[in-house]
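The lines below spell out each chain.
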Amino acid sequence: MIDLLANLQPIVLIIMLILMYCIENMHPYLVPAPNKKKHYARNFTISLVSLLLNAVLGTLVVMIVELTAKNHWGLLNQIHLPLTVQLLSGILLFDLGSYLTHNLQHKIPFLWRFHRIHHSDNHLNVSSSLRFHPVDVIVSQFIYQCIGVILIGLPITAFVIYGSIAVPLLIMQHSNVRFPRKLERFANLIFATPGWHKIHHSSEQKETDSHYGDVFTFWDRIFGTWGKKQPHEIEYGLTEFNEDIHHRVGHLMVSPFKKST
Ligand SMILES: [Zn+2]
């Protein structure tokens, strides 16, 4: 069952990308990018690199998960818990670690230079979901996943379940699709819904530095890093990336290494 769930993840990712692309083009929620084709082309080019990199690094993370189980590393392998409690604790702790890492991506200037490529998009749509600089993928996401898995002692089942929730959620969070407000209000008591996550892409720094949670909203609620705003009231992107040239693929790739934007 878990093997099937793990094998389905890449298929679910592709289906979600196509589904959200179709819906956002038939019924866009927010004002679309002025030159939609160019916007999609640029973002999907970066996404392709992200996807390939994630495929390679994902295999390494799975190896770390297996090694962790085999050698009984990490917290959850030191204490005896009923299986359900162990899985739930693993999923929650892994998301907490991701929340803390995401904080560091915003607070440490070196990490922010790479992570801001994801934030610089001023027209969110499905193609924004995987607009990550390769260094951001390696330094923050991959390294965190390796450390998180080992420290927590994350069981493979918890790792697969977490990924199966996180992947479709990531695509929905960035899509230019309107989800029913009542559903958003109810679901965001637990999950980082699309409306909840979009606040993280606001150009206002106070809002950019909030809503860090990838899957759950508990950590933002506990640490007070959240607020209320509707997606259509938000101005997206970063003020320093306000010209078309700033969004060229080449520019986005080299800008973290330059002193100016
Ligand atoms: Zn961020």
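Quantities reported herein were computed from a predicted structural model and do not represent experimental measurements.

Caption draft 1: Representation of the overall build of the protein chain within the structure. In terms of regular secondary structure, the protein chain is built from eleven helices and zero strands. In the protein chain, the succession of helices and strands from N to C terminus is α-α-α-α-α-α-α-α-α-α-α. The C-alpha atoms of the protein chain give a radius of gyration of 18 Å, which matches the 18 Å a tight globule of 261 residues would have. In terms of its C-alpha atoms, the protein chain occupies a principal-axis envelope of roughly 55 × 45 × 35 Å. Scored against the burial criterion, the 261 residues of the protein chain give a buried share of 46%. Counted over contacts in the protein chain with a minimum sequence separation of 6, partners at least 24 positions apart contribute 75%. When the accessible surface of the protein chain is split by element, carbon and sulfur atoms take 70% of a total near 13400 Å².

Caption draft 2: Fine view of the coordination of the zinc ion. Protein ligation of the zinc ion involves His102 (NE2), His106 (NE2), His115 (NE2), His119 (NE2) and His200 (NE2), the donor distances falling in the range 2.1 to 2.2 Å. When the donors of the zinc ion are listed by position in the chain, the intervening gaps give H-x3-H-x8-H-x3-H-x80-H. Of this pair, His106 sits in helix α3 (residues 83-107) while His200 sits in the loop between α8 (194-198) and α9 (205-208), and the two are 94 residues apart along the sequence. Given a relative accessible area of 0%, His200 falls into the buried group.

Caption draft 3: Quick peek at the UniProt feature "transmembrane region" (unreviewed entry) in the protein chain. Taken from the UniProt record, the annotation "transmembrane region" (unreviewed entry) applies to residues 6-23, 44-65 and 142-172. In residues 6-23, the share of helix is 100% and the share of strand is 0%. The end C-alpha atoms are 26 Å apart. Secondary structure over residues 44-65 splits into 100% helix and 0% strand, and the C-alpha atoms at its two ends are 30 Å apart.

Caption draft 4: Expanded view of helix α2 (residues 36-71). Counted at 1.5 Å a residue, the expected span for α2 with its 36 residues is 52 Å, and the 50 Å between its end C-alpha atoms agrees. Within α2, the full set of buried residues consists of His39, Tyr40, Arg42, Asn43, Ile46, Ser47, Ser50, Leu57, Val61, Val65 and Thr68. Where the residues of α2 are buried, they touch α1 (2-26), α5 (134-152), α6 (156-174) and α11 (249-254). Two residues or fewer past α2, His72 is found with a positive phi of approximately 55°.

Definitions and limits used
- Going along each chain's sequence as written, the residues are numbered from 1 onward.
- Where local features are concerned, this predicted model is filtered to residues with pLDDT of at least 70; where side-chain atom pairs are given and counted, the filter is 80 or more; whole-chain, interface and lining totals use all residues.
- In computing side-chain values, all of the structure's heavy atoms are included and hydrogens and water are not.
- Working definition: helices are DSSP H or I runs of at least four residues, strands are E runs of at least two. Numbering for both runs from the N terminus.
- Computation of the radius of gyration draws on C-alpha atoms alone. For the globule rule, the value is 2.2 Å times the number of residues to the power 0.38.
- Throughout, exposure labels follow a simple rule: accessible area from a 1.4 Å probe, protein chains only, divided by the maximum for the residue type, with under 20% read as buried, over 50% as exposed, and the rest as partly exposed.
- Note on definitions: a residue-residue contact is assigned when non-hydrogen atoms from the two residues lie within 4.5 Å.
- Each accessible area value is a Shrake-Rupley result obtained with a 1.4 Å probe; residue values ignore everything except the protein chains displayed when judging cover.
- For Na, K and Ca the donor cutoff is 3.2 Å, while for all other metals N, O and S atoms must lie within 2.8 Å; water is not among the atoms, so some sites may look incomplete.
- UniProt positions are given in the numbering used here, feature names are shortened, and annotations may be inferred rather than shown by experiment.
- Every helix has an expected span of 1.5 Å times one less than the residues it contains.

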